[in-house]
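Commentary on secondary and tertiary structure
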Amino acid sequence: MIKAQAGILASLPEQGRYVFFTLAGASTDLQDSLRKLQANVDGQQVVVGLGLQVLQQLDRKLPLMREFPPLKGPEFAVPSTPYALCLWLRGDQRGELITLTARLATLLAPAFKLDHVVDAFVHQRSDNGHGRDLTGYEDGTENPEEDEAVAAGIAAEQGAGLDGCSYWALQQWEHDYSAFESMSTTQQDHAVGRRRSDNEELDDAPESAHVKRTAQESFEPEAFVVRRSMPWWSVSPQGSDRSGLMFSAFGCSFDAFEAQMRRMLGIDDGISDGLFRFSRPLTGCYFWCPPLSGGKLDLTALGLQA
């Protein structure tokens, strides 16, 4: 029986919300809020990710949990932007998620303070269930499925309170559409490593192609993660559209994600991923997604009983 939060392995919802919180209260408030969270989420409509700050305030350590590292290659860098808590809300109706956000923010106060929200959605879902990035390329190709997804995305043999957990890497990438549209169709396909028209992988793609940079089976050890990314959109204070991809990867540790990120940046060989030509990460966060026990979050690893 899989003890993981069901939303991690489920197919993408039509609508999503990433709700980020910072710490605002005392340790006793934090324990109370976590118990309320435990009693009010099921891991399906709301996937819960706890940041390292929560563990530190509770004076708890988990062997594989750490903060997102700021990484820098010869041309590009990725930021580290830690948060105490992220709730991935999943559903079909945007209004339902807005109402749920307000209810959860009230529930979690005063220990947690709502910092910001990123609204997301599925774009042009294909017959295989995958959606497309806003650049038009299919997202999620060669994602592990079924038993392979469980092995890649869910921790096992770590002990009580940890088996069934997941380690969640989350980045908000913003696209530069002017840069993207200035590229020829061939240049766009070579940046990704696939033809946008039919999603076929290109044999003649350059070494900088995203597909080649992140081919999960090409790492030693293999670097498989379960991707659950969704396009996002917002309006800037100046009134202009901003959008891109919420890159979301669940793993049995953070090692596979970091291996891919280091290669994308060209840290070892100096070759930068083609995606950086038209997109950049605004954020970088790591979260621990607790397992379930009896239909509720299992927080025994944090010293909290159901």
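All of these numbers come straight from a predicted model, not from anything done at the bench. (Residues numbered from 1 in each chain as written. Predicted model: local features only at pLDDT ≥ 70, side-chain atom pairs only at ≥ 80, totals over all residues. Heavy atoms only, no water.)

When helices and strands are counted, the protein chain shows nine helices and 14 strands. Expected size for 306 residues packed as a compact globule is a radius of gyration near 19 Å; at 19 Å, the protein chain falls within 12% of this value. Expressed along its principal axes, the backbone C-alpha trace of the protein chain runs to roughly 55 × 45 × 40 Å. Partitioning the intrachain contacts of the protein chain with sequence separation of at least 6 by distance along the chain shows that 76% fall at a separation of at least 24. (Helix = DSSP H or I, 4+ residues; strand = E, 2+ residues; numbered from the N terminus. Rg over C-alpha atoms; globule rule 2.2 N^0.38 Å. Contact = heavy atoms within 4.5 Å.)

Before going further, it helps to spend a moment on helix 9 (residues 255-265). Every buried residue belonging to helix 9 is among Ala 256, Phe 257, Glu 258, Gln 260, Met 261, Met 264 and Leu 265, and all of these are buried. Gly 266, located one to two residues past helix 9, shows a positive phi value of around 70°. (Buried < 20%, exposed > 50% of the residue type's maximum accessible area, 1.4 Å probe, protein only.)

Within the element layout of this structure, Asp 29 appears in helix 2 (residues 27-40). Judged by relative accessible area, which is 26%, Asp 29 ranks as partly exposed. Distance from Asp 29 to Leu 108, taken between C-alpha atoms, is 9.1 Å for residues 79 residues apart in sequence. Among residues more than four places away in sequence, those in contact with Asp 29 are Pro 110 and Ala 111.

A few words on the pattern of salt bridges. Here the structure, examined in full by the defined rule, presents 13 salt bridges. Taken together, the salt bridges that share partners define one network made up of Arg 17, Arg 94 and Asp 119. (Salt bridge = Lys/Arg side-chain N within 4 Å of Asp/Glu carboxyl O.)

Moving on: empty space enclosed by the protein. A complete count under the given rule lists one cavity of 30 Å³ or more for this structure. Roughly 50 Å³ of volume is contained in the largest cavity. Classifying every residue of the lining of the largest cavity by side-chain character gives five nonpolar, two polar and three charged. (1 Å grid on protein atoms, 1.4 Å probe; cavity = no way out; pocket = protein on both sides within 12 Å on 5 of 7 lines; lining within 4 Å. Points joined across faces, edges and corners; volume = space filled by probe spheres on them. Nonpolar A, V, L, I, M, F, W, Y, C, P; charged D, E, K, R; others polar.)

With 14 residues, helix 2 should reach 20 Å at 1.5 Å per residue; the first-to-last C-alpha distance of 20 Å fits that figure. When we look at burial in helix 2, the residues that qualify are Leu 30, Ser 33, Leu 34, Leu 37 and Gln 38. Summarising the axial view, the buried residues of helix 2 lie within an arc of 145°, below the 170-degree limit, and thus occupy one face. Seen from the open side of helix 2, the exposed residues pointing more than 90 degrees away from its buried face are Thr 28 and Ala 39. (Expected span 1.5 Å × (residues − 1). Arc of directions from axis to C-beta.)

Our focus in this paragraph is the environment of Ala 191. Relative to the helices and strands, Ala 191 resides in helix 7 (residues 185-192). The exposure class assigned to Ala 191 is buried, which follows from its relative accessible area of 4%. Linking Ala 191 and His 210, residues 19 residues apart in sequence, is a C-alpha distance of 6.2 Å. If we ignore the near neighbours within four places in the chain, the residues touching Ala 191 are Met 183, Ser 208, Ala 209, His 210, Asp 273, Gly 274, Leu 275 and Phe 278.

Shape descriptors only; they carry no functional weight alone.
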